[in-house]
Amino acid sequence: MSDEITLGNISSLSSPATDLIARAAGPLIEGDYFFRELINALPAAVYTTDPYGRITYYNEAAAALWGCRPELGKSDWCGSWKLFWPDGRVLPHDQCPMAVAVKEQQAIRGVEAVAERADGTRVPFLPFPTPIFNASGVFVGAVNMLVDITERKRAEEATQRLAAIVDSSDDAIVSKDLDGIITSWNKGAERIFGYMAEEIIGKSIKVLIPSEYHAEEDTILECIRRGQRIDHYETIRQRKHGSLINISLTVSPVRNLQGKIIGASKIARDITERKRSEAQISLLAREAEHRTKNILAAVQATVHLTQSETTDGLKSAIEGRIQAFANVHELFVQSRWEGAHLCDLVTSQLAPYCQDVETRARIEGPDLLLEPYAAQTIAVTLHELATNAAKYGALSAPDGRVHVCWSGVEKGSLFLRWTETGGPRVTSPTRKGFGTRVMERMIRDQLKGKMVFHWRAGGLECEISYPQ
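Computed from a predicted structure; not experimentally measured.

Novice: Looking at this model, I keep getting lost on the packing of aromatic side chains. Mind explaining?
Specialist: Any pair of aromatic rings gets described here by the distance separating the centres and the angle formed by the planes. Within this structure, the stated rule accounts for 5 aromatic pairs. Plain terms: the ring middles of Tyr58 and Trp66 are 5.6 Å apart, the flat faces sit at 65° to each other, and that makes the pair edge-to-face. The pair Tyr58 / Trp66 is uniform in exposure class, with both members buried. Here Phe453 and Trp455 contribute two aromatic rings whose centre-to-centre distance is 5.8 Å and whose plane-to-plane angle is 15°, an arrangement assigned as stacked.

Novice: Is there a simple way to think about the nonpolar core in this case?
Specialist: Within soluble globular proteins, side chains that are nonpolar tend to cluster in buried spots. Membership of the largest hydrophobic core comes to 35 residues, with the highest contact counts inside it found for Leu342, Leu370, Ile378 and Trp418. Sorting elements by how many residues they give to this core places helix α14 (residues 372–391) first, with 8 residues. Not counting chain neighbours up to four residues away, the residues in contact with Leu370 comprise Glu338, Gly339, Ala340, Leu342, Leu345, Ala375, Ile378, Leu414 and Tyr466.

Novice: Looking at this structure, I do not really get the sheet that holds strand β10 (residues 230–238). What am I missing?
Specialist: Note on sheets: strands pair through backbone hydrogen bonds, and any given pair is parallel or antiparallel. Taken in spatial order, the 5 strands make up an open sheet running β9-β8-β12-β11-β10, and their pairing is antiparallel. The open sheet terminates on both sides in strands that have one partner only, identified here as β9 (182–185) and β10. This sheet shows a mean twist of 30° between the axes of neighbouring strands, independent of strand direction. Two elements, strand β8 (residues 172–177) and strand β12 (residues 261–270), share 6 bridges in a ladder whose sense is antiparallel. Along β12, the bridge assignment pairs Ile173 with Ile267.

Novice: Quick question: what am I supposed to make of the environment of Lys203 here?
Specialist: In this structure, Lys203 sits in the loop between α8 (197–200) and α9 (214–225). Through-space distance from the C-alpha of Lys203 to that of Lys176 is 9.5 Å; in sequence the pair is 27 residues apart. If near-sequence neighbours (up to four positions away) are discounted, Lys203 is found in contact with Gly180, Ile181 and Ile182. In terms of polar contacts, Lys203 uses its side chain to reach the backbone carbonyl oxygen of Glu199, at 3.3 Å.

Novice: In this structure, what is going on with the pairing of β9? I would like to understand it.
Specialist: In summary, the side chains of a regular strand alternate between the two faces of the sheet. Here 3 bridges tie β8 to β9, and the two strands are oriented antiparallel to one another. The residue bridging Lys176 from the neighbouring strand is Ile182, located in β9. Hairpin remark: β8 followed by β9, antiparallel, with 4 residues in the connecting loop; positive phi at Gly180, about 85°.

Thresholds, definitions, all that
Residues numbered from 1 in each chain as written. Predicted model: local features only at pLDDT ≥ 70, side-chain atom pairs only at ≥ 80, totals over all residues. Heavy atoms only, no water. Phe/Tyr/Trp six-rings, centres within 6.5 Å; stacked < 30°, edge-to-face > 60°. Buried < 20%, exposed > 50% of the residue type's maximum accessible area, 1.4 Å probe, protein only. Core = buried A, V, L, I, M, F, W, Y, C linked by side-chain atoms within 4.5 Å. Helix = DSSP H or I, 4+ residues; strand = E, 2+ residues; numbered from the N terminus. Contact = heavy atoms within 4.5 Å. Pairing = 2+ DSSP bridges. Axes fitted to C-alpha atoms, helices over the stretch in contact; angles between N-to-C directions. Polar contact = N/O pair within 3.5 Å; in protein donor to acceptor, adjacent residues only side chain to side chain.

Have a look at this one:
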């Protein structure tokens, strides 16, 4: 079919147009050659029937629409292979619009149908069946014009799909004219900005813009007038009740059929959560950098303080102290880097030396969260105490026990006591061992605290205190 009829003039098909064809169809039925050739030259599908509905004539456009050539004088009502209603229901030929027009002898308008060709392709069309009467007013047949509306249907479906996408989008999709007046508003815009469509359409887009950003909108409109597109521009907008949100804008020119720019379409995405996440990631990155530096400083200090008479001894000492750091860092992860609970810290440092910590050790004290830097120092100190107990003290004997308790914060200080019982008899050392010097220096230099050892015959007792 010609686009001139199937698209451009569908809405303008009027009674005079179909009446003209009806007047020309009279001679067709009677066999007038001139009018037959005239109708055959038309790009619109046209055919006629006798008063009984038998097809008496059809033009080439009708044959093309049907996809076949019905036998004249024998085919009834319509030349289509099959007919359907627009909703897919079968339309019997004897109930088609042409059949109704012939049976009722009146024109039928405003009906759509679908013709199926023999090859299975389908063509939606508008029929215009019109009865024909001779000069004496006797009903002599009917003429029908079929307008192929395939392209119109495709356009309608595309428009409906686009409308459904716009309506279901989580983003705000808004159109405005070149003066910034809002002309459309989807549900995403309602959710983001809080205005219903009926509240906002017809108002200036600047209703959504804080006053200090008004010049920004003027610049955007100037770009649109020049045909320029704005891509993913991040800015601030204002909700109905005054709260501000971060959004990412994409603005594109809207053109009419002649290509003239008549407005703009705008997609606004709420990026408030993304901005909040970016800020949090930045904060965490700085915090991670700070904590990493602290970790490396603590490891460096530990390595610097570690000494041994043999290479293997030095290696073992360093590995043990670094493992103590690793254990406490597992606790940091569990607390999201807020620190480590002292009870968990004591348990983690005793675990490598006790198959059953609950049987070999008694741990008690109030729930106390040590901040990371202090937790690292206490972890290495407890590691040294546990290592010494496993080698020479209570944990080296089957019946030996360790008691670790703390009294929380007293006058701004933490007080922790380590007591061993049931191990080998203890005598006061004649000189400080290297491990003892390491612990004392870490508590003194890193926590500004102090550490006192009591070498009792029944077992070592160690007291640690430092200001909180």
